[in-house]
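# Fold and contact review
Below, each chain spelled out in residue letters.
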Amino acid sequence: MNKRRVGKALRRISLLPRNKYLFYYLANKLHHFYLKIIKSKKVAYPSTIMLELNNHCNLACTTCPREYDYGKAMDKGRMDMTRAKEIIDEMWPYLDSVGLTGMGETFIYKEIEEIVDYIKAKNKGIIISVSTNAVLPNFIELVKKVIGKIDTIQISIDGLNEVYDSIRINADFNELDENIKLMSKLCAGTTTDLMLNMVVTEENHHQMGELVTYADTSGVKYMDFSLFNLASVTDIDQSYYDLYKSEVFLKSVGVLNDTMKTVKSVEVLQRNFKTENSFQKCPLPWSHFYISWDGYIPPCCAKPFPKELNFGNVFSNKVIDMLNSESYQQFRTMWYANETPDFCKKCNFVNVEPVKEEKLPVIEKISNASEFKSVLPSKENEVQ
């Protein structure tokens, strides 16, 4: 556990209610550990949930599941505030954190400040995070309203300059750059952390080290890297994952490692490069439960499409009852047996071999992106 998480955990503990809800919270924690010990297929009330308030977006990113078959077929809409508050009313005594992000751009949801205030009014210690592309019109005016209220604002960046523009369609890097630097100033001295996130692909992996340096010069303290998840990307073959064991990718990882050693002011919180090839390595049947804008509970945030699979609807049932529905328990039975469901095929938790960083080649200075691209094997299913 890194220092940032320890700090947030301590803050969370210090703000636990000193009334009957403290007993609810502690009893639920004990219930969770008991169910884990006996290897039950049921769960206690979760400590964290993802609440999809909206699934509309202003961009059309090549890395986003909404741009492929499942996403194109999904129903689109926004969660009614009354429904959102009902979910919070049931869940808040047990929550440590809430993610207010789904398949859409968070700040399209006009009542974002109201739902944040509602959660904090229940318990100031609940950690709230959102993800954003940070390039909506008037974005700075929108985000100003929740700085100091939201604990973490994660900005999807996926590259610099023309690389960014080629992946995040309809966005402009210059606009993003300006907004990041303005946000950095606005968040200084507040309880809101800024974090940059890159989905690592064939097109952008050579910029991982550069992004850490960019975060430093932009005043952003935290950085995340995650592998491209093909679970809902229907147009790209699983062989794309071979990229992550290629020599050219390992060179990029080496450059990243070197940069992390020299840029001390930026903390890289996650580099999901050592993913094990196993359904049992996925924590999502047990935590970070996803509730879609229309009330359904799909299995995870990597493939959050209720039409493909869901475990019930919380608008007509209690959340905890849906989390322990018969279908969800059957799903967890497969997890215990380490049998990958068809739904989860091509997920990076299952199909990416661990990146063997101990096999890193000797790193040579590479001056530009073209030198990386020139040694990449051609792929029939290259991201466009």
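These notes cover the structure that comes with them. Predicted model, so just to flag it, every value in this text is computed and none were measured. (Residues numbered from 1 in each chain as written. Predicted model: local features only at pLDDT ≥ 70, side-chain atom pairs only at ≥ 80, totals over all residues. Heavy atoms only, no water.)

## Considerations on the side chain of Ser131
Examined against the element boundaries, Ser131 turns out to sit in strand β3 (residues 127-132). Overall, the relative accessible area of 16% leaves Ser131 in the buried class. When residues no more than four places from it in sequence are discounted, the contact partners of Ser131 are Thr101, Thr106, Gln154 and Ser156. (Helix = DSSP H or I, 4+ residues; strand = E, 2+ residues; numbered from the N terminus. Buried < 20%, exposed > 50% of the residue type's maximum accessible area, 1.4 Å probe, protein only. Contact = heavy atoms within 4.5 Å.)

## As for unusual backbone geometry
Not every positive phi belongs to a glycine, and Ala134 is a case in point at roughly 60 degrees. Along the chain, Ala134 turns up in the loop between β3 and α6 (139-144). The phi dihedral of Lys346 falls on the positive side, at around 75 degrees, and the residue is not glycine. Turning to its location among the elements, Lys346 is positioned in the loop between α12 (326-337) and α13 (348-351). Here Lys346 falls in the buried class, since its relative accessible area comes to 18%.

## Section: the environment of Val146
As for its placement among the helices and strands, Val146 is situated in the loop between α6 and β4 (152-156). Among the residues examined, Val146 registers a relative accessible area of 0% and is labelled buried. Through-space distance from the C-alpha of Val146 to that of Val6 is 23 Å; in sequence the pair is 140 residues apart.

## Considering the packing of aromatic side chains
Counted by the stated rule, this structure contains 18 aromatic pairs. Where Tyr21 meets Trp92, the ring centres are 4.6 Å apart and the plane angle is 50 degrees; that geometry is what we call tilted. Here Trp92 lies in the loop between α4 (81-91) and β2 (97-99) and Tyr21 lies in helix α2 (residues 20-37), a separation of 71 residues in the sequence. For Tyr21, a relative accessible area of 25% corresponds to the partly exposed category. The class for Trp92 is buried, based on a relative accessible area of 9%. Ring pairing ties together the aromatic residues Phe279, Phe289, Phe311, Tyr328 and Phe331, which thus form one cluster. Over the aromatic face of Phe343 sits the side chain of Lys303, whose NZ or CZ is 4.4 Å from the ring centroid. (Phe/Tyr/Trp six-rings, centres within 6.5 Å; stacked < 30°, edge-to-face > 60°. Lys NZ or Arg CZ within 6 Å of the ring centre and 35° of its normal.)

## Focus on the sheet that holds strand β7 (residues 267-271)
Ordered by their spatial adjacency, 8 strands build an open sheet running β7-β6-β5-β4-β3-β2-β1-β8, and the pairing between neighbours is parallel. Of all strands in the sheet, those with a lone pairing partner are β7 and β8 (289-291), marking the two edges. Strand-to-strand twist of the sheet, defined as the mean angle between neighbouring strand axes without regard to direction, takes the value 20 degrees. Direction of pairing for β2 relative to β3: parallel, over a ladder of 3 bridges. Residue pairing in the sheet places Ser97 in a bridge with Ile127 of β3. Where helix α1 (residues 3-14) meets the sheet, it contacts β3, β4, β5 (193-200), β6 (222-227) and β7, and its direction lies at approximately 135 degrees from that of β5. (Pairing = 2+ DSSP bridges. Axes fitted to C-alpha atoms, helices over the stretch in contact; angles between N-to-C directions.)

## A few points about α1
Over its 12 residues, α1 runs 16 Å from end to end, which matches the ideal 16 Å to within 8%, given 1.5 Å per residue. Lining the buried residues of α1 we find α2, β3, β4, β5, β6 and β7. (Expected span 1.5 Å × (residues − 1).)

## Thoughts on the environment of Ile37
Take Ile37: it is sitting in helix α2. Here the alpha-carbon distance between Ile37 and Asn351, two residues 314 residues apart in the chain, equals 28 Å.

## Notes on the pairing of β4
Burial within β4 is extensive, with 5 of its 5 residues counted as buried. Here β4 shows no split at all, with Thr152, Gln154 and Ser156 on one side and Ile153 and Ile155 on the other all buried. Handedness of the β-α-β unit built from β3, α6 and β4 comes out right-handed. Sheet analysis places β4 next to β5, joined by 5 bridges and oriented parallel. Within β5, the residue paired with Thr152 across the bridge is Asp193. (Right-handed = clockwise from strand over helix to strand, strands pointing away.)

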